[in-house]
Amino acid sequence: MTNTPHGQWSSRWIFILAATGSAVGLGNIWKFPYTAGENGGGAFILMYLICVAAIGIPVMMAEIMLGRRGRQSPINAMHTLALEAQRHPIWKIIGWSGVVAGCLILSFYSVIAGWAIAYIPKMALGTFSGAGAEQANAVFNGLIGDPWILLVWHSLFMMMVITVIAKGLEKGLERAVSILMPTLFILLIALVLYAAFSSGAFMQGVQFMFATDFHALFYPGCTPEQTACEFSGQGVLSAMGLAFFSLSIGMGAIMMYGAYLPKNISITSSAITIAVADTLVALLAGLAIFPIVFANHLDPAAGPGLVFITLPIAFGHMGGGTVFGTLFFLLLVFAAWTSAFSLLEPVVAWLVESWRMTRTKAAIGCGIFIWLLGLLSVFSFNILSDFKPLSFLSSTPFADQTFFDLFDYLTSNIMLPIGGLLIAIFAAWVMQHAARREEMGAEPPDMSYNTWLFLIRYITPIGVALIFLNAIGLFS
Ligand code: PFF
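Rules used throughout
- Residues numbered from 1 in each chain as written.
- Predicted model: local features only at pLDDT ≥ 70, side-chain atom pairs only at ≥ 80, totals over all residues.
- Heavy atoms only, no water.
- Helix = DSSP H or I, 4+ residues; strand = E, 2+ residues; numbered from the N terminus.
- Buried < 20%, exposed > 50% of the residue type's maximum accessible area, 1.4 Å probe, protein only.
- Contact = heavy atoms within 4.5 Å.
- Areas by Shrake-Rupley, 256 points an atom, 1.4 Å probe, with all protein chains shown as cover.
- Lys, Arg positive; Asp, Glu negative; His and termini not counted.
- Charge placed at Lys NZ, Arg CZ, Asp CG, Glu CD.
- Patch = residues over 30% accessible without salt bridge, like charges linked within 9 Å, V, L, I, M, F, W, Y side chains within 5 Å.
- Salt bridge = Lys/Arg side-chain N within 4 Å of Asp/Glu carboxyl O.
- Near = heavy atom within 4 Å.
- Polar contact = N/O pair within 3.5 Å; in protein donor to acceptor, adjacent residues only side chain to side chain.
- Axes fitted to C-alpha atoms, helices over the stretch in contact; angles between N-to-C directions.
- Parallel < 35°, antiparallel > 145°, perpendicular 65-115°, else oblique.
- Left-handed = near helix turned anticlockwise from the far one by under 90°.
- Nonpolar A, V, L, I, M, F, W, Y, C, P; charged D, E, K, R; others polar.
- Expected span 1.5 Å × (residues − 1).
- pLDDT = per-residue confidence, 0-100.

Asker: Would you explain the overall build of the protein in this entry?
Answerer: In terms of helices and strands, the protein carries 19 helices and 0 strands. Over its C-alpha atoms, taken along the principal directions, the protein stretches across nearly 60 × 50 × 45 Å. Per-residue burial over the protein gives 61% buried out of 476 residues. Sequence separation of at least 24 residues holds for 79% of the intrachain contacts in the protein that already meet a minimum separation of 6. For the protein, the exposed area adds up to about 18200 Å²; of that, 68% sits on carbon and sulfur atoms. Counting 19 positive and 22 negative side-chain charges, the protein places the averaged centre of each group 16 Å from the other.

And the structure:
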């Protein structure tokens, strides 16, 4: 098959923009800084980079390859590929777990994107002019404490996503990403320059990000002087989970985009370009945010509110901060928007293929379902903030989690890595040699193909397994 019923990307560049649009999102600008902050900074970031290079890029290549060979939504693509390899169609479970993960992620992703939308008018009206940490905290807590307001912005964001996906590949996705992505990159660089020259604590931020203090990673909340510290492998698991989340891998989003990729385009160089751009944006976001955290004596471990508290303080003190700040949150919304497309597209494509639904109906139907699921995240910050659904699982990370925390933890730290592991096993061990080689365009001896195969055969499965075992305390 050379084409899907949904169409195909019009060029390599558009594919890279769309896939980078999927990868670059709230994961880079919102989640990366606060997760790194919660896990002690430098050592966490080093682990993150290792996971991106050794596990992330190979899995991304495998996903693009499987998508392009299967030429359908991940569920149907995996079905076809399993039959081609003369194996049991149960392998389509990869597609199914991706659909479930995608719905769960989009349900809370939309709520956080809603925070970013809410900040656009706040910035534009000068709410943060001259504001200190206390005022910025108060505005943020006021927002997340009000379920009605959160509901309005969550609904708006879901409608924005549904509208683009309903329009299809060329008129929706391609058009949107080719405008949104370049703008985003330029603004982020401008912001880092601002942080470098005006916060007065740039070096402190850099040091936090690049000083590799493994003690802070393995013994959270414990200073080197303390002796009775408890070992935890959760930090490393979070680094791997964040790498999967940030690269959009392990759930079929990139597989779906791979299905629209023309035959003659190199998978290796595309995947490396996407991963490098994604990592660069995460690091730039860190460089923009941590100096501000330290200059204003804020806590880097403040959690999900970090970006929504630090950046407004910075904008509130800078010349032109009102315009610049408004623009920043607008672009954060754009980044989230281009990521959300790839969360909705796989399930919509599947409904179009297998249930013969129109794109519009499928997009609206799934959108409403995910919007409803999102209500649980909306309420996690206010009326259900004390409700911990799995509190009976004491002494596990789940015990103290709200619905929002659970959806986030379950998808990033469990479902995406397991999805990635299965994708790696399928690509490396189940698929037939000839099919894999043909799809990767490899003629023996091909160094980059062989390196990839080695990584995906041994390093990815062993790495993911070790990180899981470490997280459940086997090496403590
Ligand atoms: N990569 C996106 C981000 O960093 O915000 C989030 C995401 C999109 C995760 C698509 C998973 C996915 F399939």
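Asker: I keep staring at a nonpolar patch on the surface and nothing clicks. Help me out?
Answerer: Together, W429, F454, Y458, I459, I462, L466, L469 and I472 make up a nonpolar patch on the protein surface, roughly 770 Å² of accessible area in all. In terms of residue count, the dominant contributor to the nonpolar patch is helix α19 (residues 447-471) (6 residues). Structurally, the position occupied by Y458 is in helix α19.

Asker: How do you make sense of the site of the ligand when you look at a structure like this?
Answerer: Residues in contact with the ligand amount to 15 residues; listed here are only the nearest, A23, G27, Y109, F245 and M251. A23 has a polar backbone atom sitting 2.9 Å from an oxygen atom of the ligand. One of the backbone N or O atoms of L26 is found 3.0 Å from an oxygen atom in the ligand. For the ligand, whose unbound accessible area comes to 340 Å², protein coverage reaches 100%.

Asker: Got a minute to help me understand the environment of P461 in this structure?
Answerer: Here P461 shows up in helix α19. A C-alpha to C-alpha distance of 9.5 Å links P461 and I418, two positions 43 residues apart in sequence.

Asker: When you look at the packing of helix α5 (residues 93-124) against helix α7 (residues 147-167) in this model, what are you seeing that I'm missing?
Answerer: The packing of two helices is summarised by the inter-axis angle and the distance between the axes. The interhelical angle for the contact between α5 and α7, taken along N-to-C directions, is 110 degrees, at an axis separation of 8 Å. One finds that α5 runs roughly perpendicular with respect to α7. As α5 runs across α7, the sense of the crossing is right-handed. Note on element contacts: α7 touches α5 through L150, W153, H154, L156, F157, M158 and M160, opposite L106, S107, S110, V111, A113, G114, W115, I117 and A118.

Asker: Please explain the packing of helix α4 (residues 74-84) against helix α15 (residues 321-354) as it appears in this structure.
Answerer: Relative to each other, α4 and α15 sit at 65 degrees, their axes nearing to 8 Å. The orientation of α4 with respect to α15, classified from their angle, is roughly perpendicular. Contacts between α4 and α15 involve P74, I75 and N76 on the former and, on the latter, P346, W350, E353 and S354. Partitioned by chemical class, the residues of the contact of α4 with α15 number 4 nonpolar, 2 polar and 1 charged.

Asker: Any chance you could explain unusual backbone geometry here in plain terms?
Answerer: Phi is mostly negative for residues that are not glycine, and the peptide bonds are mostly trans. One non-glycine residue, Q86, adopts positive backbone phi at about 55 degrees. Considering the arrangement of structural elements, one finds Q86 in the loop between α4 and α5. By relative accessible area, which is 67% here, Q86 ends up exposed. Although it is not a glycine, R356 adopts a positive phi angle of roughly 55 degrees.

Asker: Before we go on, may I ask you to explain helix α11 (residues 234-247) in this structure?
Answerer: An α-helix turns once every 3.6 residues. As a result, residues three or four positions apart point the same way. Its 14 residues place the ends of α11 20 Å apart at the C-alpha level, agreeing with the 20 Å of an ideal helix rising 1.5 Å per residue. Of all 14 residues in α11, 13 are buried, a share of seventy percent or more. Looking one or two residues past α11, S248 carries a phi angle of roughly 60 degrees, positive in sign.

Asker: How should the environment of F328 be read in this particular structure?
Answerer: Looking at where F328 falls in the secondary structure, it is placed in helix α15. The exposure class assigned to F328 is buried, which follows from its relative accessible area of 4%. Separated by 125 residues in sequence, F328 and L453 place their C-alpha atoms 40 Å apart. Those residues in contact with F328 that sit more than four places away from it in its chain are I29, L187, L188, L191, L311 and F315.

Asker: Sorry if this is basic, but what is going on with the confidence of the model for the protein here?
Answerer: Low pLDDT means the predicted atomic positions in that stretch should not be read closely. Across the protein, the average pLDDT comes to 90, with 97% of residues at or above 70. When pLDDT is averaged over each element of the protein, helix α16 (residues 359-380) comes out on top at 97 and helix α8 (residues 169-198) at the bottom at 78.

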